[in-house]
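Residue-level structure breakdown
The residues making up each chain are set out below.
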Amino acid sequence: MTLTNWAGNYAYRAPVVQHPRSVEELSQIVASARRVRALGTRHCFNDLADGPGTLVALDGLASSVQIDSHARTVTVSAGTRYGALAQELHAAGWGLGNLASLPHISVAGAVATATHGSGDRSQNLAAAVAGLVLMSSDGSLRTLVRGDDDFAGSVVALGALGIAVQVMLDIEPTYDVAQEVHENLPWETALANLDDVTSSAGSVSLFTDWREPSIQQVWRKTRVSESYQPREEFFGSTPAAEQRHPLPGIDPVHTTAQLASPGPWHERLPHFRLDFTPSNGAELQTEYLVPRAQAVEALQAVRGLADKIAPLLQVSEVRTIAGDDLWLSTASGGDRVGIHFTWQPRQNEVTTLLPVLEAALRPFDARPHWGKLFADEDRSLARLYPRWDDFRALVARTDPTGVFANDFLERHGLRDA
Ligand SMILES: Cc1cc2nc3c(=O)[nH]c(=O)nc-3n(C[C@H](O)[C@H](O)[C@H](O)COP(=O)(O)OP(=O)(O)OC[C@H]3O[C@@H](n4cnc5c(N)ncnc54)[C@H](O)[C@@H]3O)c2cc1C
C-alpha cells in the first residue's frame, strides 16, 4: 500500500520505509544507505521528508523521557510525539513553554521545520531545543548543545544534516492555562490595535475567512494566576457563549476546553485534543511569516485577495512568534506574524493561487513555513535568510556525498544537486 502524508495529498516516492528497533539497527541502515531521510509523524504537506532512497521512521525505537530537574531540561527520543511527552512532563510536575496547534506531531519533525504556536513572547518550538544527538551518514552519533559553533544551524535543519536520535528541551514547572474565545472582532479595530490584541494573552490566534468585515474568532490562552479574570468585551468582540471549533458550524468536540476554565498547559495550548483526530478531515495548509513591524500592511495585502482566497479556504489563522537566532527558523532574527491558510483539499486550485499570494506578500519578505505548501516560483528563498550560505556550507561539510539530500533541498537551493 502506498504510504501518504497525514493529509493524503502526498504519496512518498521512497521505495522503502524502515522502522529500526534500536539505535544500533538505525546506525546499520544509515551507514549502508546511499540515500536516507528521516520520517516523523508525516504531518508535512509537501515532499520535504521524502527521499529517493530509504525512509526511516523512529517509531520502533523505545520511547525515553529523562527529566533533569536541576538543569531544567528533558531529553527525549526524537520520534516522541509532543502529546505523549506533555503528559509525562505534567505528571512529573513540569511543562514546556509552548506547543503547536495539535499535539500529535513528533518532536524531531516539528523542530526540523520550525513549527510554532502563538504568543508575542513565545518562540517557535525549535528555540526550546537545548541539545541534539544527530546520526551522521556513517552511522556515528554526534552531540550538539546550545552554544556550540554548529548548533544554531543544526536545529531547524529540514533533515539535511542527519537523523536526530535524541532531543533535549528546556522545561519549566507545570502551570495552568485558561482559554477564552471571543467572536466578531472588527478587522479595522484589530489592525488599529494589533499590538494590544496580540499581547492581551500569552497566546492569541485570530481566525478569519478574510471576506467578512470582522475576524470571526479570537482564541486567547492565558497562564492562570491569582489575578486572572476572563475578559468580557474585547475590542468590540463578545465572548463565545459555548465551546467553539475554528470552522464555523463544526462540532467542537475535538477542541481543547475553552470558556475560561483553567487546566494544565498541555490541555489548553494546543487547539485540538490529543485523544481525538484533529481538524475537519481532509485539508491542505500554507503559511507565511512576515516581520512583525510589517504585519498590518501584509494582512491588508492578503485581505485584498479575499475574493480569490475565500472560495478555496476552510479558515485562516493569524499568530505571533517571538524571534530567535536559529539560521533557518522562520522567526530567525526578529519577531514575526504567521499568516496561515487551512485550505479545502483542492490542490490544483491552491497551487495555482499560491504564486499570486506570494507576489502580494513579496514586499514583506514573507518566509513560507517549511512543512506546508508554497510555490517559491523564482527560487528566491535565499534572500530571506541571512545565514543561508552558512547553512549550505554546513550541509556540504557534514553530508558531502548527499546521503540526506532530496529533491526539496535541491529544488530550493539548500544544497547543490
Ligand atoms: C493538522 C496539522 C496541524 C499543524 N499545526 C501546526 C502548527 O500549529 N504550527 C506549525 O508551525 N505547524 C503546524 N503543522 C505543520 C507541522 O508541524 C510540520 O509539518 C511538522 O514538520 C510535522 O512534524 P512531523 O514529525 O509530522 O514531520 P514529517 O512530515 O514527518 O517530517 C518533517 C521534516 O522533519 C524531518 N524529520 C523528522 N524526523 C526527523 C528526525 N528524527 N531527524 C531529523 N529530521 C527529522 C523530516 O526529514 C522532514 O524534513 C501542522 C500540520 C498538520 C497536519
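**Some words on the domain arrangement of the protein**
- Per the domain assignment, the segments making up the protein are domain 1 (61–174) and domain 2 (176–368).
- Taking only C-alpha atoms, the centre of domain 1 and the centre of domain 2 are 24 Å apart.
- Taken residue by residue, the interface counts 36 residues in domain 1 and 35 residues in domain 2.
- Summed over both sides, the interface between domain 1 and domain 2 buries roughly 2,800 Å², with carbon and sulfur atoms accounting for 59% of that surface.
- The three residues of domain 1 that bury the most area against domain 2 are His116, Ser118 and Asp120, which together make up 23% of that side's buried surface.
- At the junction of domain 1 with domain 2, the criterion picks out two salt bridges.
- The shortest N-O distance in the salt bridge between Asp120 and Arg292 comes to 3.0 Å.
- One can count 19 residue pairs in polar contact (both at pLDDT 80 or more) joining domain 1 with domain 2.
- When contributions to the side of domain 1 that touches domain 2 are tallied by element, the ones reaching two or more residues are helix H2 (82–91), strand S6 (94–95), strand S7 (119–123) and helix H4 (151–154).
- The element contributing the most residues to the side of domain 1 that touches domain 2 is H2, with six residues.
- Residues of the side of domain 1 that touches domain 2, tallied by class, amount to 16 nonpolar, 17 polar and three charged.

**Focus on the sheet that holds strand S3 (residues 54–57)**
- Strands sit in the order S1-S3-S2 across an open sheet of three strands; the sheet is parallel. Two strands in the sheet have a free side with no partner beyond their single neighbour: strand S1 (16–18) and strand S2 (36–39). Across the sheet, the axes of successive neighbouring strands diverge by a mean angle of 30°, strand direction being ignored.
- Inspection of the sheet shows S1 paired to S3 by three bridges, in the parallel sense.

The rules behind these values
Residues numbered from 1 in each chain as written. Predicted model: local features only at pLDDT ≥ 70, side-chain atom pairs only at ≥ 80, totals over all residues. Heavy atoms only, no water. Domains from an automatic or database assignment. Contact = heavy atoms within 4.5 Å. Buried area = accessible area lost by both parts, 1.4 Å probe. Salt bridge = Lys/Arg side-chain N within 4 Å of Asp/Glu carboxyl O. Polar contact = N/O pair within 3.5 Å; in protein donor to acceptor, adjacent residues only side chain to side chain. Helix = DSSP H or I, 4+ residues; strand = E, 2+ residues; numbered from the N terminus. Nonpolar A, V, L, I, M, F, W, Y, C, P; charged D, E, K, R; others polar. Pairing = 2+ DSSP bridges. Axes fitted to C-alpha atoms, helices over the stretch in contact; angles between N-to-C directions.

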